[in-house]
Number of protein chains: 2
Amino acid sequence: MAEELQKWVLMVTAQTPTNIAVIKYWGKRDETLILPVNDSISVTLDPEHLCTTTTVSVSPAFDQDRMWLNGKEISLSGGRFQSCLREIRSRATDVHDKEKGIKITKKDWEKLNVHIASYNNFPTAAGLASSAAGFACLVFALAKLMNAKEDHSQLSAIARRGSGSACRSLYGGFVKWIMGKDEKGTDSLAVQLADEKHWDELVIVIAVVSSQQKETSSTTGMRDTVETSLLLQHRAKEVVPKRILKMEEAIKNRDFASFAQLACTDSNQFHAVCLDTCPPIFYMNDTSHRIISLVEKWNRAAGTPQVAYTFDAGPNAVLIARNRETAALLVQKLLFCFPPKSDADLNSFVLGDKSILKDAGVESLEAIENLPTPPEIKDPSQRHRGDVSYFICTRPGRGPVVLSDESQFLLNPETGLPK
Amino acid sequence: MAEELQKWVLMVTAQTPTNIAVIKYWGKRDETLILPVNDSISVTLDPEHLCTTTTVSVSPAFDQDRMWLNGKEISLSGGRFQSCLREIRSRATDVHDKEKGIKITKKDWEKLNVHIASYNNFPTAAGLASSAAGFACLVFALAKLMNAKEDHSQLSAIARRGSGSACRSLYGGFVKWIMGKDEKGTDSLAVQLADEKHWDELVIVIAVVSSQQKETSSTTGMRDTVETSLLLQHRAKEVVPKRILKMEEAIKNRDFASFAQLACTDSNQFHAVCLDTCPPIFYMNDTSHRIISLVEKWNRAAGTPQVAYTFDAGPNAVLIARNRETAALLVQKLLFCFPPKSDADLNSFVLGDKSILKDAGVESLEAIENLPTPPEIKDPSQRHRGDVSYFICTRPGRGPVVLSDESQFLLNPETGLPK
């Protein structure tokens, strides 16, 4: 790198989805390498509604690695960031940008610093797996910048070092994280079971539940579960392997009844082992319980599952409806039970694919107030106003992509600093 | 029985305690005989504060078996009542009441009808194991009336047919229900581990939690768990047997640290298998969770358990304090977090052994309002007013007794009808 090159800045911007596990990951067999005690399966959510955008840039002018998350500089000193940066750097290859006249050799990457800016198009604190999308995007974007030749599956094993569930965000559609056997974790990676077009009738409604309770972080929680639960090992060794096979079959055959049954029971069992932890971990609250009861009653009355529910390490419900008609019904029932506070704006109460409101015939706050009592609700006076902060309507979506539109870049192409 | 005897009425009144399991019973291996999938251990609660009183009477004038519960006639046609009545009748022996000049032979009992009146000194619907005390009292009183020679342990196997946990109410103190091996259930019965004087420092505070949710009955709930939970068998076969041995040791040695650790983790595991049931069963609510968090934080800060918690098939917390000083502190903390509604009367908000209020320095509603923020509570504005309906302060107590004071009889000695 000659002196005259000091001024160049090279950058890549990528967009990566978040994902929701339908067979849960809970418990590590290796804390540092982030190796899980069982396989897991997830659905990738449409990045149009929930995603992370990350711009990574390199310049000889950068004197250290720096990162900004949602506009605020954060430390990269954590072991997880360092693992991802180190692993990607070691896989960097020669880069030749003819247009800009930049040449970077494999060896140069060891000395070059990067700037990273990352942005979530959804509230970070809402417990919507922002770290999954975030680390997947970081690794994917850096791999593109550094011309790493690894495929998505190999990159997933690196993203895994940032956040376990991040590995599943390297693909769209339906994804399996294979736990692997290798002590070093080389075979603990994600594979795609089916892309997002395979089963595109599914509609996903997320209820972001209001909560005052401070939650146990999933890292701390799963460590405590591994150390103290007497049920976790039985789950990991005896229960999950069979469920994984069944879930793969259900996805392959678009068998919603089996899919829903497996997703719901596995979500419940994950929360059961949390409760079996010392001290016990409660991620679901009374609102979560009410949503489950609503769905369970509906599914039973219908004779076959209409909606699946799954809950991660927080009270938010992720509801997967078998098709758009069912989703419209689901939205009606949810809005009846959990109407917005009186000062709310419908536009900020239902996010994502708002067209569902038209299908549900609920296009105003008055329409919500006048909804008929769902048959699952015995006491129509029991409307839990404000207990859900907002809903997001989405669907299964695609995997990571590189964005070429400069207006979407998060760093200034000249300075490599946040715009 | 000659014609002139038609007018006599013979009666017995007994009082039987309720009990709280510290190693839980959840799941039957035989629904009809009520045979459990694991042993369980309980603490008998002082009947002064929580008990059932039952008067049973016999007269040749009674034309059918009848029963009144809390003053209201109820049907005896259920299988559980019939099992208990049949089993006790078959063990009846000759009775000779010289004073009244009554002679009943073993054979007469087959034709004689009984009247039964039962009364709980606590709200039946509060989820405080009223059926346990009720069936224990029914069986105990009938055995006395009919001069059955069986000891308490043998009677416990009959009470078990009424309600599984009833068998543990045949003894005071600390009681084990041995699951047994016999297919007919003859060896599934209760034994006393230690009487109530063995460990009389313990103080028990029950928080009766306000709930709008209709609960799953324990009969239905445990059937669903046996049929659908993939964790229950592991719990019953691998986890509980070891815990039973440890809990027996803890009780024997009055080792509160072990006792509390076992009671809390077993309660949590019971609720975990409920959550692992399809559809999932939620007995605890946000208030229950808050009480657990409070106790867990306190215990951790103290370095050794001060209070154990355990929850049955409902949201009520049963809190066992290591001694009276700790109990007074516990009451302070609970009253801070869960003050009564503003229109409440302290006298009906803390029931049972009210002297604890003096020890806690909380003898007025004003004193509750002025309580200092417990160190476990981060946000002192978070006082959950009205979330606990009332508290009952009690202690380990004695087993069944016969009451001789006629004023306590629930049936008129002349007519055999409710007073």
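Residues numbered from 1 in each chain as written. Chains lettered and ligands numbered in written order. Predicted model: local features only at pLDDT ≥ 70, side-chain atom pairs only at ≥ 80, totals over all residues. Heavy atoms only, no water.

So, the relation of the copies chain B and chain A
The test is simple: Here the copies are matched by least squares. The fit uses the C-alpha atoms of residues with pLDDT of at least 70 in both. Two residues qualify as a contact provided that any one of their heavy atoms is within 4.5 Å of a heavy atom in the partner residue.
Laying chain B over chain A is done by rotating through 180 degrees and shifting 0.0 Å along the axis; what remains is an RMSD of 0.0 Å. Given the turn and translation reported, the copies of this chain are related as if by a two-fold rotation axis. It is B:Ala272 whose C-alpha, among those of chain B, lies nearest the rotation axis, at 2.1 Å. Mapped onto chain A, 100% of the interface residues of chain B again fall at the interface, so both copies present the same surface.

Describing the domain arrangement of chain A
Residue and element names in this part refer to chain A. Put simply, the rule is: All domain edges in this entry derive from an automatic or database-based domain assignment. Defined here as a combined quantity, buried area equals the accessible surface (1.4 Å probe) lost by two parts on assembly, summed across both. By salt bridge we mean one thing: a side-chain nitrogen of Lys or Arg within 4 Å of a carboxyl oxygen of Asp or Glu. Nitrogen and oxygen atoms within 3.5 Å of one another constitute a polar contact, given that in protein one can donate a hydrogen and the other can accept it, and given that sequence-neighbouring residues count only through two side-chain atoms. Here a strand is any run of E in DSSP of at least two residues, a helix any run of H or I of at least four, and the numbering for each starts at the N terminus. We call Asp, Glu, Lys and Arg charged. Ala, Val, Leu, Ile, Met, Phe, Trp, Tyr, Cys and Pro are nonpolar, and the rest, Gly among them, are polar.
According to the domain assignment, chain A contains domain 1 (3-197 + 401-408) and domain 2 (203-394). Taking only C-alpha atoms, the centre of domain 1 and the centre of domain 2 are 28 Å apart. If you look at the interface, domain 1 gives 29 residues, while domain 2 gives 41 residues. A combined buried area of about 2,800 Å² lies between domain 1 and domain 2, and 72% of that area is made up of carbon and sulfur atoms. Summed over the three residues of domain 1 that lose the most area to domain 2, namely Ile23, Lys24 and Trp26, the buried surface amounts to 29% of that side. Applying the counting rule to domain 1 against domain 2 returns three salt bridges. Between Lys176 and Glu248 there is a salt bridge whose closest N-O contact spans 2.8 Å. Across the contact surface, domain 1 and domain 2 share ten residue pairs in polar contact (both at pLDDT 80 or more). The element that contributes the greatest number of residues to the side of domain 1 that touches domain 2 is strand 2 (residues 19-23), accounting for four residues. When grouped by side-chain class, the residues that make up the side of domain 1 that touches domain 2 number 17 nonpolar, five polar and seven charged.

Description of helix 1 (residues 79-89) of chain A
Note the following rule: For every residue, the accessible area (1.4 Å probe, protein chains only) is compared with the maximum for its type, and the residue is labelled buried under 20%, exposed over 50%, or partly exposed between those bounds.
What helix 1 of chain A keeps buried is the set A:Phe81, A:Ser83, A:Cys84, A:Leu85, A:Glu87, A:Ile88 and A:Arg89. In this fold, the buried residues of helix 1 of chain A make contact with strand 7 (66-69), strand 8 (72-74), strand 11 (113-120), helix 2 (130-145) and helix 3 (152-162) of chain A.

A look at the packing of helix 5 (residues 232-252) of chain B against helix 6 (residues 256-275) of chain B
A pair of packed helices is characterised by two quantities: the angle between their axes and the separation of those axes. All names here are of chain B. What counts, and what does not: Only the stretch in contact is used when fitting a helix axis, every axis being a line fitted to C-alpha atoms; angles between N-to-C directions are given from 0 to 180 degrees. Every angle not falling under 35 degrees, over 145, or within 65 to 115 is termed oblique; those three ranges are roughly parallel, roughly antiparallel and roughly perpendicular. For any pair of crossing helices, the crossing counts as left-handed if the nearer helix is rotated counterclockwise from the farther one by less than a right angle, and right-handed if it is rotated clockwise.
It is the contact of helix 5 with helix 6, at a shortest axis distance of 10 Å, that shows an interaxial angle of 160 degrees. Relative to helix 6, helix 5 is oriented roughly antiparallel. Judged by the sense of rotation from one axis to the other, the crossing of helix 5 with helix 6 is left-handed. Of the residues in helix 6, those in contact with Leu232, Arg235, Val239, Val240, Arg243, Lys246, Met247, Ala250 and Ile251 of helix 5 are Ser258, Phe259, Leu262, Ala263, Thr265, Asp266, Gln269 and Val273. Along the lines of polarity and charge, the residues of the contact of helix 5 with helix 6 split into ten nonpolar, three polar and four charged.

Quick notes on unusual backbone geometry
Trans peptide bonds make up the majority, and among non-glycine residues the majority have a negative phi. The omega angle of the peptide bond from A:Cys278 to A:Pro279 is -5 degrees, so this bond is cis rather than trans. Checked against the element boundaries, A:Pro279 lands in the loop between helix 6 (256-275) and helix 7 (286-302). Phi is positive for A:Asn147, close to 55 degrees, though the residue is something other than glycine. Tracing the sequence through the fold places A:Asn147 in the loop between helix 2 and helix 3. What makes A:Asn147 partly exposed here is its relative accessible area of 26%. The residue B:Ile34 is not glycine, and still its phi comes out positive at about 55 degrees. Inspection of the secondary structure assignment puts B:Ile34 in the loop between strand 3 (28-30) and strand 4 (35-36). Residue B:Ile34 is classed as buried on the basis of its relative accessible area of 1%.

Considering the pattern of salt bridges
Counted under the stated rule, the structure contains 37 salt bridges over all chains. Across the pair A:Glu87 and A:Arg161 runs a salt bridge, and its minimum N-O distance is 3.7 Å. Of this pair, A:Glu87 sits in helix 1 while A:Arg161 sits in helix 3, placing them 74 residues apart in sequence. Across the pair, A:Arg161 and A:Glu87 agree in class, each one buried. With its nearest N and O atoms 4.0 Å apart, the salt bridge here joins B:Glu48 to B:Arg395.

Some details on the interface of chain B and chain A
Across the contact, 31 residues belong to chain B and 31 residues belong to chain A. Of the roughly 2,700 Å² buried between chain B and chain A on both sides combined, carbon and sulfur atoms contribute 62%. It is B:Leu231, B:Leu275 and B:Phe282 in chain B that bury the most area against chain A; as a group they hold 20% of the surface buried on that side. Connecting chain B to chain A are zero salt bridges. Where chain B touches chain A, the interface holds six residue pairs in polar contact (both at pLDDT 80 or more).

Points about the sheet that holds strand 2 of chain A
Residue and element names in this part refer to chain A. Condition: DSSP calls a pair of strands paired once it identifies at least 2 bridges connecting them.
Ordered in space as 2-5-12-13, the four strands form an open sheet in which the pairing is antiparallel. If you trace the sheet from one side to the other, it starts and ends with strand 2 and strand 13 (189-194), each paired once. Adjacent strand axes in the sheet meet at a mean angle of 35 degrees when their direction is disregarded. Across five bridges, strand 12 (residues 174-178) lies against strand 13 in antiparallel orientation. Each residue of the ladder has a partner; that of Phe174, found in strand 13, is Ala194. Its contacts with the sheet place helix 3 against strand 12 and strand 13, and it is angled at close to 130 degrees to strand 13.

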